[in-house]
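Secondary and tertiary structure notes
Take a look at the letters that make up each chain.
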Amino acid sequence: MTDTEALKRRAAERAAEWIRDGMTVGLGTGSTVRHLLDVIAERRAAGEWAGIVGVPTSEDTTARARRLGIPLATLDERPRVDLTIDGADEVDPQLRLIKGLGAALLREKIVAAASAELVIVADDTKVVQRLGTRAPLPVEVDPFGAAIQVDFLRGLGAEPVLRERDGAPVVTDGGGRIYDCRFAGGIADPEALERALLMRPGILECGLFLGMATAVVIAGADGVSVRTR
Ligand code: 5RP
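Bear in mind that the values here come from a model prediction, so they are computed numbers and not experimental data. For every chain, the first residue of its written sequence is number 1, and the numbers climb from 1 along that sequence. This being a predicted model, a pLDDT of at least 70 is required before a residue's local features are given, and a value of 80 or more before pairs of side-chain atoms are given or counted; all residues contribute to the totals for chains, interfaces and linings.

So, the overall build of the protein
- Each helix and strand in the protein was counted, giving six helices and 15 strands.
- Only C-alpha atoms enter the radius of gyration; for comparison, a globular chain is expected to reach 2.2 Å times N to the power 0.38, where N is the number of residues. A compact globule built from 229 residues should have a C-alpha radius of gyration of about 17 Å, and the protein, at 17 Å, falls within 12% of that.
- Seen along its three principal axes, the alpha-carbon backbone of the protein occupies a region of about 55 × 40 × 35 Å.
- Whether two residues are in contact is decided by their C-beta atoms, placed from the backbone, lying within 7 Å. The long-range share in the protein, meaning contacts at least 24 apart out of those at least 6 apart in sequence, stands at 75%. Going along the chain from the N terminus, every DSSP run of H or I of four or more residues is numbered as a helix, and every run of E of two or more is numbered as a strand.

What follows is the structure in structure tokens.
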């Protein structure tokens, strides 16, 4: 395991301390959450957490959790989620987040909004003073007329790039496309930016998760720290 993967594993182990048997647990997406899924599977194999049910936030997490034998439900079946554990691409001092480099932002935000608690797991490279200085902000758009969003996003100060893989646009689990938006100097006012983005027809969601995280577990070379709101 590389140093970074070892940090992610430690963050996942610490976040797993929030889990209690019988909980409905939102399962985020990404490489850090994969460690969490391993931790859950190991604890279940040891005879613990027989009563937990996971609500996955992506097809990728669904497939991995199934392979590990973790019981799953949809959000329709379990609309009240006790706790979601998810990764992030940036975390600022107010526990505001950028998420979505794994393209699962829409479902992640829906599940987070249905959760009593949102615990974020990350390594310390994700900590920033200002959002948008390290990671681009992913903006998910409907494919219908997606190109017209470029000028709109530029008008908000962004430099948008359509996310592609192997020369074709990345298609999200819900059929959307993603513009990764860089902002010179970072995002000055995340709340105002989120409002402007979400009022725009055709924009489905953005990767700003503001006022949602209840705790952030950060793993670094010096150990694991927990920040709460
Ligand atoms: C996916 C996400 C991920 O949680 C985020 O990209 C962090 O991923 P990783 O743990 O692989 O760094 O938001 O949409």
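Structural notes on the sheet that holds strand β13 (residues 208-209)
- The strand order β4-β5-β13 describes an open sheet built from three strands, whose pairing is antiparallel. With one partner strand each, in any of the chains shown, β4 (90-91) and β13 form the two edges of the open sheet.
- Strand pairing is defined by DSSP finding a minimum of two bridges between the two strands. Bridging between strand β5 (residues 97-98) and β13 involves two bridges; their strand directions are antiparallel. In the strand pairing of β13, Leu97 is matched with Phe209.

Concerning the nonpolar core
- With 60 residues, the main nonpolar core has Ala11, Ala15, Leu36, Ile120, Val121 and Val139 as its most contacted residues.
- Marked domain ranges trace back to an automatic or database domain assignment. Structurally, this core is a two-domain feature, drawing no fewer than three residues from each of domain 1 (4-125 + 210-220) and domain 2 (137-201).
- In this structure, Val139 is in contact with Leu153, Ile178, Tyr179, Cys181, Leu197, Ile203 and Cys206, ignoring residues within four places of it in sequence. To define a nonpolar core, we join buried Ala, Val, Leu, Ile, Met, Phe, Trp, Tyr and Cys residues through C-beta atoms within 7 Å and take the resulting set. Think of it as a crowd count around each C-beta: if 20 or more other C-beta atoms lie within 10 Å the residue is buried, if 12 or fewer it is exposed, and in between it is partly exposed, with C-beta placed from the backbone throughout.

Concerning the sheet that holds strand β2 (residues 53-56)
- Read across the sheet, six strands follow the order β2-β1-β3-β6-β14-β15 without closing on themselves; strand pairing throughout is mixed. Each having just a single partner strand, β2 and β15 (223-228) make up the two edges of the open sheet. In this sheet, adjacent strand axes meet at a mean angle of 20 degrees when their direction is disregarded.
- Sheet topology places strand β3 (residues 83-86) next to strand β6 (residues 118-123); three bridges connect them, and they run parallel. From the neighbouring strand, Thr84 faces β6, where its bridge partner is Leu118. In this analysis an axis means a line fitted to C-alpha atoms, helices contributing only their contacting stretch, and an angle means the value between N-to-C directions, from 0 to 180 degrees.

A word on the UniProt feature "active site" (unreviewed entry) in the protein
- UniProt positions are given in the numbering used here, feature names are shortened, and annotations may be inferred rather than shown by experiment. The UniProt entry lists Glu108 under the feature "active site" (unreviewed entry), expressed in the numbering used here.
- Here Glu108 lies in helix α4 (residues 105-113).
- Under the C-beta neighbour-count criterion, Glu108 is labelled buried, with 32 such atoms within 10 Å.
- Among residues more than four places away in sequence, those in contact with Glu108 are Gly28, Thr29, Thr57, Asp86 and Lys99.

A word on the site of the ligand
- Here, nearness means that the C-beta atom of a residue, built from backbone geometry, sits within 6 Å of the molecule or strand in question. In the region of the ligand, 17 residues are neighbours, and Gly30, Ser31, Thr32, Gly87 and Gly102 sit closest.
- Going through the elements one at a time, α2 (31-45) and α4 are the ones with two or more residues in the shell around the ligand.
- Think of it as three bins: nonpolar holds Ala, Val, Leu, Ile, Met, Phe, Trp, Tyr, Cys and Pro, charged holds Asp, Glu, Lys and Arg, and polar takes everything else, Gly as well. Tallied by class, the residues present in the shell around the ligand amount to five nonpolar, eight polar and four charged.

Digging into unusual backbone geometry
- The phi torsion at Trp49 lies on the positive side, around 55 degrees, for a residue other than glycine.
- Within the element layout of this structure, Trp49 appears in the loop between α2 and β2.
- One non-glycine residue, Asp166, lies in positive phi territory at about 55 degrees.
- By the element assignment, Asp166 lies in the loop between β9 (164-165) and β10 (168-169).
- By the C-beta count within 10 Å, which is 5 here, Asp166 ends up exposed.

Let's talk about the domain arrangement of the protein
- Annotation of the protein at the domain level lists domain 1 (4-125 + 210-220) and domain 2 (137-201).
- One C-alpha centre belongs to domain 1, the other to domain 2; they are set 25 Å apart.
- Class assignment for the residues of the side of domain 1 that touches domain 2 results in seven nonpolar, two polar and three charged.

So, the pairing of strand β11 (residues 177-183)
- Two strands pair when backbone bridges link them, and strand β7 (residues 137-141) and β11 are joined in this way by five bridges, in the antiparallel orientation. Across the sheet, the residue bridging to Leu137 is Cys181, located in β11.
- In this sheet, β11 lies alongside strand β8 (residues 158-162) in antiparallel orientation, the contact comprising five bridges. The residue bridging Leu162 from the neighbouring strand is Tyr179, located in β11.

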